[in-house]
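# Report on the structure
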Amino acid sequence: MMLDPKKRRQHVNGPMVHKDIRSETTHTLTEAPESPHAEPLETGDKHLENALSPLDIRSETHQRYSTEHPGDQDAVKHRDIGQFREPFSVRRVRKSQGNKLTAMLQVRNERGRYLEEVLDDLSEFVDEIVIVDDASTDGTPDICRAYPRVVRLEVLEKPLFAEEWRLRNALWQAAAGTSPDWLLSVDADELYSTDAKKAIRALINQDHADWIAFRFYDMWGGRTHYREDDLWGLHRRHTASLVRYMPGYPYFYPQQNHHVPRLPLPCTVLPGISTELKVQHLGWAGSLEDRVRKYLRYKRIDPHGEWGSLEHYESILDPEPRLIPWKEEQ
């Protein structure tokens with residue numbers, strides 16, 4: 001089920017939030033603390049286990065987000081909340097085999113961009129796809145309907161882009177209504193690496209971790225390089241995009257109009273796995289004109305830096321960003 005957040009504006013600084021700008025903001029977890037009971041994920045496939053190494057599995061001690069120093073995106077606080085005692089109803093949904101993997105996407109006016117490539121890619125390794133279309137005007141829903149794995153498509157009559165937390169809520173509710181075992185939160189401009197797609201079944205068919213994190217790379221001006229500098233370092237930490245769905249668990253999103261985490265906040269107190277598997281984010285891989293349009297959109301939506309960093313917005317226009325050659329393999 002989904003609980004509405006408290007009726008107040010709240011900035012959250014902690015393991016669920018990062019300061020990197022995305023076309024559709026990513027839910028990010030920082031490095032998890034070492035657990036004295038952490039064990040490697042055993043798959044029986046040594047090649048796969050090497051590809052996932054090093055892993056970080058939270059078992060008894062978890063982090064939670066902090067609401068101290070609102071607005072300061074760099075003041076990340078971690079708190080030890082001790083052993084997380086889960087109700088029996090939560091424990092019993094953890095299955096070590098036969099889990100259904102459902103991808104969920106929110107889309108808006110994606111024709112001519114990356115949506116078809118993303119749906120082709122997802123159709124190779126997920127069981128079902130759930131999509132909420134945010135009142136597209138370019139025929140995007142027709143593209144979605146052409147894919148057999150799209151089991152639910154909800155088309156909004158009025159856009160919720162200016163209230164992103166409501167859009168995230170709508171997508172989560174739609175996906176939860178299909179009785180998933182695991183949910184993969186994907187943006188319409190993200191491609192999972194070959195290694196990630198091969199590993200994903202072993203990652204979900206286990207009964208001790210409830211979220212999986214990957215390394216996301218902001219591709220820049222094409223697909224051969226990604227950006228890395230003081231303001232662009234999404235790949236330097238782990239981003240959780242895959243989560244076990246547990247009926248009855250209190251899921252909710254922060255009431256923010258922009259840069260909303262892709263996964264509900266309570267997921268952060270659950271045990272998870274941070275992998276070295278890679279995901280390409282193509283949101284900045286287009287032309288300079290495309291990046292300028294996105295810059296102008298951010299400045300229009302968030303002119304005072306209420307939801308993000310103004311310095312980060314301005315860095316979109318950097319004429320000579322630091323770029324690193326992309327390598328898909330580990």
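Since this is a predicted model, take the numbers as computed values, not measurements. (Residues numbered from 1 in each chain as written. Predicted model: local features only at pLDDT ≥ 70, side-chain atom pairs only at ≥ 80, totals over all residues. Heavy atoms only, no water.)

## Concerning the environment of Lys-100
Tracing the backbone through its elements, the reader meets Lys-100 in the loop between α2 (88–91) and β2 (101–107). For the pair formed by Lys-100 and Pro-180, sequence separation is 80 residues and the distance between their alpha carbons is 6.0 Å. Not counting residues within four places of it along the chain, the set of residues in contact with Lys-100 comprises Asp-127, Glu-128, Thr-178, Ser-179, Pro-180, Asp-181 and Trp-182. From its side chain, Lys-100 meets the backbone oxygen of Ser-179 in a polar contact 3.3 Å long. (Helix = DSSP H or I, 4+ residues; strand = E, 2+ residues; numbered from the N terminus. Contact = heavy atoms within 4.5 Å. Polar contact = N/O pair within 3.5 Å; in protein donor to acceptor, adjacent residues only side chain to side chain.)

## Here's the deal with the pairing of strand β5 (residues 182–185)
Here β5 shows a buried face lined by Trp-182 and Leu-184 and a second buried face lined by Leu-183 and Ser-185. In this sheet, β5 lies alongside β2 in parallel orientation, the contact comprising four bridges. Within β5, the position partnered with Ala-103 by the bridge is Leu-184. Pairing analysis gives three bridges linking β5 to strand β9 (residues 239–244), with the strands arranged antiparallel. The residue bridging Leu-183 from the neighbouring strand is Val-243, located in β9. (Buried < 20%, exposed > 50% of the residue type's maximum accessible area, 1.4 Å probe, protein only. Pairing = 2+ DSSP bridges.)

## Description of helix α3 (residues 115–122)
All of the buried residues along α3 are Leu-115, Val-118, Leu-119, Asp-121 and Leu-122. Looking down the long axis of α3, one finds its buried residues gathered within 160° of arc, a one-sided arrangement. (Arc of directions from axis to C-beta.)

## With respect to the side chain of Glu-228
Topologically, Glu-228 is positioned in the loop between β8 (225–227) and β9. Side-chain polar atoms of Glu-228 contact the side chain of His-235, separated by 2.7 Å. A polar contact is formed between the side chain of Glu-228 and the side chain of Arg-322, at a distance of 2.6 Å.

## Describing the nonpolar core
Judged by nonpolar contacts, the single largest core of 44 residues is most densely connected at Leu-105, Leu-122, Leu-184 and Phe-214. If one sorts the elements of this core by residue count, helix α6 (residues 194–204) sits on top with five residues. Non-local contacts of Leu-122, meaning those with residues more than four positions away in its chain, are made with Ala-103, Leu-105, Ile-129, Leu-184 and Val-186. Counting residues in each nonpolar core, the second largest holds 27 residues, with Leu-160, Leu-171, Tyr-249 and Tyr-251 among its members. (Core = buried A, V, L, I, M, F, W, Y, C linked by side-chain atoms within 4.5 Å.)

## Description of the pattern of salt bridges
According to the stated counting rule, one finds 22 salt bridges in the structure shown. Notably, a salt bridge pairs Glu-190 with Arg-262, separated by 2.7 Å at the nearest N-O pair. One end of the pair, Glu-190, is in strand β6 (residues 190–192); the other, Arg-262, is in the loop between β9 and β10 (272–281), with 72 residues separating them in the sequence. For Arg-262, a relative accessible area of 0% corresponds to the buried category. (Salt bridge = Lys/Arg side-chain N within 4 Å of Asp/Glu carboxyl O.)

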